[in-house]
Amino acid sequence: MSVTLETRYLEGFVRSHELGALQTQVNAAHEMLHAGTGLGSDFLGWLTLPTDYNKEEFARIQAAAERIRRDTDILIVIGIGGSYLGARAAIEFLKSPNYNAKKKDTPDIYFAGNSISAAALSELLELCEGRRVSVNVISKSGTTTEPAIAFRVFRDYLERTVGHEEAKKRIYATTDRARGTLKAFADREGYETFVVPDDVGGRYSVLTAVGLLPIAAAGCDITALMEGAAEAQKALNDPSLDSNDCYRYAAARNVLLRKGRAVELMVSYEPCCTMMGEWWKQLYGESEGKDGKGLFPASVTFSTDLHSLGQFVQDGSNILFETVLQFDRNPGELIIQEDAENVDGLNFLAGRSMSEINRKAFEGTVLAHSDGGTPSLVLRVPAADERSLGYLIYFFEKACAVSGYLLGVNPFDQPGVESYKRNMFALLGKPGYEGEKAVLEKRLGL
């Protein structure tokens with residue numbers, strides 16, 4: 001079930017001894033991670049989570065998901081950043097980007113509280129009219145602006161449409177174990193609550209209740225998901241670059257950064273991976289982008305984006321490299337049929353599968369990009385199923401932690417994220433920010 005790394009398309013860009021030269025640093029990163037002596041060591045709960053999770057809560061998650069599947073037409077998942085990206089990525093990866101449009105015996109799932117758009121929130125309220133609605137609000141504190149606004153709106157909607165008592169049965173809060181605004185409010189109201197672990201940061205939290213409840217509500221097998229992650233936990237425990245593809249990936253991307261490749265482009269050839277790219281961008285961007293360091297994470301879906309960004313990747317400035325996801329077993333299949341008139345000239349493809357054509361698109365593209373000066377790493381994923389996804393999630397999380405230590409940054413904090421929040425609070429007149437408001441308004445010419 002393992003995810004494997006192919007480095008054949010690095011030839012001419014990275015020499016084997018350049019990777020080997022990082023072994024000592026990788027050993028040190030591995031030791032800091034597993035001994036808990038590195039920066040951010042208070043947030044290492046994800047490291048053993050696949051085998052050391054709360055089994056009682058896991059059973060409650062499964063029971064709540066079954067209840068949601070039985071009594072709910074629309075589940076509104078409220079959260080931002082790591083509080084929603086992992087769940088949405090998993091649902092689209094395992095079910096479909098068109099999940100809500102498909103015939104199914106599970107509820108439609110919409111994500112709110114990840115923007116401050118009145119139009120987006122109003123549209124969701126319209127979609128809920130006449131439907132049985134439940135809400136999963138996800139917030140460690142309960143005071144993060146975007147999800148707090150959405151929760152206020154949907155809590156009011158439920159209380160108006162089904163009454164206060166029924167609304168309490170339809171609201172599920174994933175929050176701090178013992179403290180915070182949302183935890184206190186949920187306890188007072190009697191909402192069922194699930195825990196955001198103290199030692200797991202938001203972007204590493206998809207395998208906690210944060211991601212597991214929505215994923216299970218969509219009908220995904222969260223037991224298999226955790227089993228895949230547990231396989232990765234066991235398999236990716238040797239620091240040797242010769243045997244650990246996770247660490248080899250971390251080392252290769254650091255070598256490429258040191259050679260001036262400042263952008264990593266996550267590439268997939270399946271639309272079901274598009275939101276995985278969004279989850280991956282937060283994981284790496286928020287973990288590495290600090291102290292003036294880090295790769296800029298970007299993502300594309302080929303062949304779609306070959307018709308928009310392919311020109312730059314092929315012939316533009318050599319600032320990037322690609323990390324390509326490839327499936328050993330492709331999701332879905334379709335055979336091209338013969339056309340009597342051959343009006344489109346595609347009869348040379350008759351009898352061939354779309355998977356084969358997609359694979360040839362990858363092979364032709366990776367060679368063209370290599371010739372154009374863009375190196376590629378290829379990650380082979382067994383299938384678009386729960387076990388493979390669990391393995392892939394853990395693979396990326398551990399590679400991210402090791403890569404951050406190789407960079408010399410704390411992979412588990414995000415101090416820069418607070419700057420925009422402080423400015424926004426001041427400009428909105430939040431109590432306690434009065435002194436900053438006038439200064440900011442003057443800078444804005446207000």
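Look above for the structure.
Describing the overall build of the protein chain
- Broken down by element type, the protein chain carries 17 helices and ten strands.
- In summary, the protein chain has a C-alpha radius of gyration of 23 Å against a globular reference of 22 Å for 446 residues, a match within 12%.
- Within the protein chain, counting contacts between residues at least 6 apart in sequence, those at least 24 apart form 78% of the total.
- Taken as a whole, the protein chain presents about 19700 Å² of accessible surface, with 51% of it coming from carbon and sulfur.

Focus: the layout of surface pockets
- Empty space within the largest pocket amounts to approximately 760 Å³.
- Looking at the lining of the largest pocket, the elements with two or more residues in it are α12 (274-288) and α16 (417-428).
- With four residues, α16 is the single largest residue contributor to the lining of the largest pocket.
- Tallied by class, the residues present in the lining of the largest pocket amount to twelve nonpolar, eleven polar and eight charged.
- In this structure, the second largest pocket is lined by 27 residues; those nearest its centre are R88, Y110, F111, A112 and L124.
- At the level of secondary structure, the elements contributing two or more residues to the lining of the second largest pocket comprise α4 (85-94), β3 (108-112), α5 (118-128) and α6 (145-162).
- Considering each element in turn, the lining of the second largest pocket owes the most residues, six residues, to α5.

Notes on the pairing of β3
- In terms of residue burial, β3 counts as a mostly covered element, since four of its five residues are buried.
- Where strand β2 (residues 74-78) meets β3, five bridges bridge the pair, whose relative direction is parallel. By the bridge assignment for β3, V77 is matched with F111.
- Handedness of the β2-α4-β3 crossover: right-handed.

Thoughts on the pairing of β2
- Among the five residues in β2, five count as buried, and that is most of the element.
- Burial along β2 is two-sided: the residues I74, I76 and I78 and L75 and V77 are all buried.

A closer look at a nonpolar patch on the surface
- Together, L427, L444 and L446 make up an exposed nonpolar region whose accessible area comes to about 320 Å².
- Tracing the backbone through its elements, the reader meets L446 in the segment after α17 (434-444).

Quick notes on the packing of aromatic side chains
- Going through the model one piece at a time under the given rule, you end up with 21 aromatic pairs.
- Here the aromatic rings of F185 and Y191 are separated by 5.9 Å at their centres, their planes lie at 65°, and the arrangement is edge-to-face. Like Y191, F185 is buried.
- Summarising the aromatic geometry, the rings of W280 and Y284 are spaced 5.5 Å apart at their centres and angled 35° between planes, so their arrangement reads as tilted. Taken together, the residues span about one helical turn, with W280 and Y284 both in helix α12 at a distance of four residues.
- In this structure an aromatic cluster arises from ring pairing among Y249, W279, W280, Y284, F395 and F396.
- Lying across the ring of Y99, K104 places its NZ or CZ 4.9 Å from the centre.
- The ring centre of F151 lies 5.0 Å from the NZ or CZ of R155, which sits over that ring.

Let's talk about helix α15 (residues 386-407)
- Between its first and last C-alpha, α15 extends 31 Å over 22 residues, near the 32 Å set by a 1.5 Å rise per residue.
- Just past α15, the residue G408 takes up positive phi, approximately 85°.

Notes on the environment of F111
- Topologically, F111 is positioned in strand β3.
- Residue F111 is classed as buried on the basis of its relative accessible area of 15%.
- As for F111 and L124, which are separated by 13 residues in sequence, their C-alpha atoms are 9.0 Å apart.
- With near-sequence residues (within four places) excluded, F111 lies in contact with V77, Y84, A87, R88, I91 and L124.

Re the sheet that holds strand β7 (residues 263-268)
- Spatially, five strands are ordered β1-β10-β9-β7-β8 in an open sheet, and the strand pairing comes out mixed. A single partner strand is all that each edge strand has here, and the edge strands are β1 (4-6) and β8 (296-301). Strand-to-strand twist of the sheet, defined as the mean angle between neighbouring strand axes without regard to direction, takes the value 25°.
- The pairing of β1 with strand β10 (residues 376-383) spans three bridges and is antiparallel. Opposite L5, over in β10, you have L379 as the bridge partner.
- Contacts between α15 and the sheet are confined to β7, β9 (320-329) and β10, with β10 contributing the most and set at about 150° to the helix.

Some remarks on the sheet that holds strand β6 (residues 192-195)
- Pairing is parallel in the open sheet, where five strands are placed in the order β3-β2-β4-β5-β6. Edge positions in the sheet fall to β3 and β6, since each of these pairs with one other strand and no more. Averaged over all neighbouring strand pairs, the angle between strand axes comes to 20°, with direction disregarded.
- Relative to strand β5 (residues 171-175), strand β4 (residues 133-138) runs parallel, the two being bridged by four bridges. Across the sheet, residue N136 finds its bridge partner in β5, namely Y172.
- With respect to the sheet, helix α8 (residues 181-189) is in contact with β4, β5 and β6, its orientation differing from that of β5 by roughly 145°.

Quick word on the state of the cysteines
- The final tally for this structure, using the stated rule, is zero disulfides.
- The cysteine C220 is free of any disulfide, with C272 supplying the nearest cysteine sulfur at 12 Å.

Quick look at the nonpolar core
- Ranked by internal contacts, the top residues of the largest apolar core, which has 96 residues, are W46, Y249, W279 and F396.
- It is α15 that provides the largest number of residues to this core, a total of 13 residues.
- The residues touching F396, leaving out its near neighbours within four places in the chain, are Y249, M266, W279, W280, L283, Y284, L325 and L379.
- Within the second largest apolar cluster, 22 residues are counted, among which are A150, Y157, L158 and F185.

The rules behind these values
- Residues numbered from 1 in each chain as written.
- Predicted model: local features only at pLDDT ≥ 70, side-chain atom pairs only at ≥ 80, totals over all residues.
- Heavy atoms only, no water.
- Helix = DSSP H or I, 4+ residues; strand = E, 2+ residues; numbered from the N terminus.
- Rg over C-alpha atoms; globule rule 2.2 N^0.38 Å.
- Contact = heavy atoms within 4.5 Å.
- Areas by Shrake-Rupley, 256 points an atom, 1.4 Å probe, with all protein chains shown as cover.
- 1 Å grid on protein atoms, 1.4 Å probe; cavity = no way out; pocket = protein on both sides within 12 Å on 5 of 7 lines; lining within 4 Å.
- Points joined across faces, edges and corners; volume = space filled by probe spheres on them.
- Nonpolar A, V, L, I, M, F, W, Y, C, P; charged D, E, K, R; others polar.
- Buried < 20%, exposed > 50% of the residue type's maximum accessible area, 1.4 Å probe, protein only.
- Pairing = 2+ DSSP bridges.
- Right-handed = clockwise from strand over helix to strand, strands pointing away.
- Patch = residues over 30% accessible without salt bridge, like charges linked within 9 Å, V, L, I, M, F, W, Y side chains within 5 Å.
- Salt bridge = Lys/Arg side-chain N within 4 Å of Asp/Glu carboxyl O.
- Phe/Tyr/Trp six-rings, centres within 6.5 Å; stacked < 30°, edge-to-face > 60°.
- Lys NZ or Arg CZ within 6 Å of the ring centre and 35° of its normal.
- Expected span 1.5 Å × (residues − 1).
- Axes fitted to C-alpha atoms, helices over the stretch in contact; angles between N-to-C directions.
- Disulfide = S-S within 2.5 Å.
- Core = buried A, V, L, I, M, F, W, Y, C linked by side-chain atoms within 4.5 Å.

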